[in-house]
Amino acid sequence: MADKEMATIYIFGKKYDVPAELTIMNAMEYAGYQLKRGCGCRNGFCGACATIYRIKGTNQLQTCLACSKKVENDMYIATLPFFPLVKQIYNINEIKPEQSVMMQLYPEIYSCVGCNACTRACTQDLSVMQYIAYAQRGEFEKCAELSFDCVMCGCCSSRCPAGISHPQVAELARRLNGKYLQPQTQHLLDRVAEIDAGKCEEAIQKFIAMSTGDKAEIKNLYNNRDIEK
């Protein structure tokens, strides 16, 4: 059997030879790192493993998700516990879907210089600068739709010269869209009312008991559930 192709990488400055087929996250574990934080879902959905890297011979820093990006030869890797984002405090029941709410809570979005660095850094290939433009104009439905697949990793914000917290702006737009702009779903409202009235308490406790014991039964229920068309 032919030997596996190997790649030389540097994790926090220390050199390792790892199989070239591995993701950055798997490569770190291969090198002996025990990942307790920043590993989340391990499948590109939670955004917990935002990572900075560069390739030897270049000075450009790149961002990625460590669970999705495969290692490259001469890759220098550094992980951060999180990218700092500004999350403003507000009561969704007291604000309205008006342009002024963005001006009050996230005025920095109006300092966007149009460099598009946020879009280039996005690990999900979203049009970040465009959804910020929608947020500027108070077009929250469009902002919500365009940012729907955001995993809140913060890579976009790490590259922004205006200091915009893009994921938090998008989250506010989605919350405003869901609360005020989208039509209400009656069967969902009915189910919430049933839960508030305690009608689902017995079923909830049953599922809790399943989740703390043998999970085979709850997995079987999930895999064979009726899926609404």
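This text follows the structure it describes.
To start, this report covers the structure provided alongside it. (Residues numbered from 1 in each chain as written. Predicted model: local features only at pLDDT ≥ 70, side-chain atom pairs only at ≥ 80, totals over all residues. Heavy atoms only, no water.)

For the rest of this paragraph, the subject is the state of the cysteines. Under the counting rule described, the total for this entry stands at zero disulfides. Left without a disulfide partner, Cys 64 is nearest to the cysteine sulfur of Cys 155, which lies 7.1 Å away. Cysteine Cys 153 remains unbridged, with the sulfur of Cys 155 as its closest cysteine sulfur at 3.7 Å. (Disulfide = S-S within 2.5 Å.)

A grouping of Ile 195, Ile 204 and Ile 208 is seen on the molecular surface, where their side chains present a nonpolar patch of about 230 Å² in accessible area. Within the fold, Ile 208 resides in helix H9 (residues 201-212). Judged by relative accessible area, Ile 208 falls into the partly exposed class, the value being 42%. (Patch = residues over 30% accessible without salt bridge, like charges linked within 9 Å, V, L, I, M, F, W, Y side chains within 5 Å. Areas by Shrake-Rupley, 256 points an atom, 1.4 Å probe, with all protein chains shown as cover. Salt bridge = Lys/Arg side-chain N within 4 Å of Asp/Glu carboxyl O. Helix = DSSP H or I, 4+ residues; strand = E, 2+ residues; numbered from the N terminus. Buried < 20%, exposed > 50% of the residue type's maximum accessible area, 1.4 Å probe, protein only.)

What the five strands build is an open sheet, ordered E2-E1-E5-E3-E4; its pairing is mixed. Pairing within the sheet leaves two strands with one partner each, and these edge strands are strand E2 (14-19) and strand E4 (62-65). Averaged over all pairs of adjacent strands, the angle between strand axes in this sheet comes to 35 degrees, irrespective of strand direction. Looking at chain direction, strand E1 (residues 6-11) and strand E5 (residues 75-79) are connected through three bridges and run parallel. In the strand pairing of E5, Ile 11 is matched with Ile 77. (Pairing = 2+ DSSP bridges. Axes fitted to C-alpha atoms, helices over the stretch in contact; angles between N-to-C directions.)

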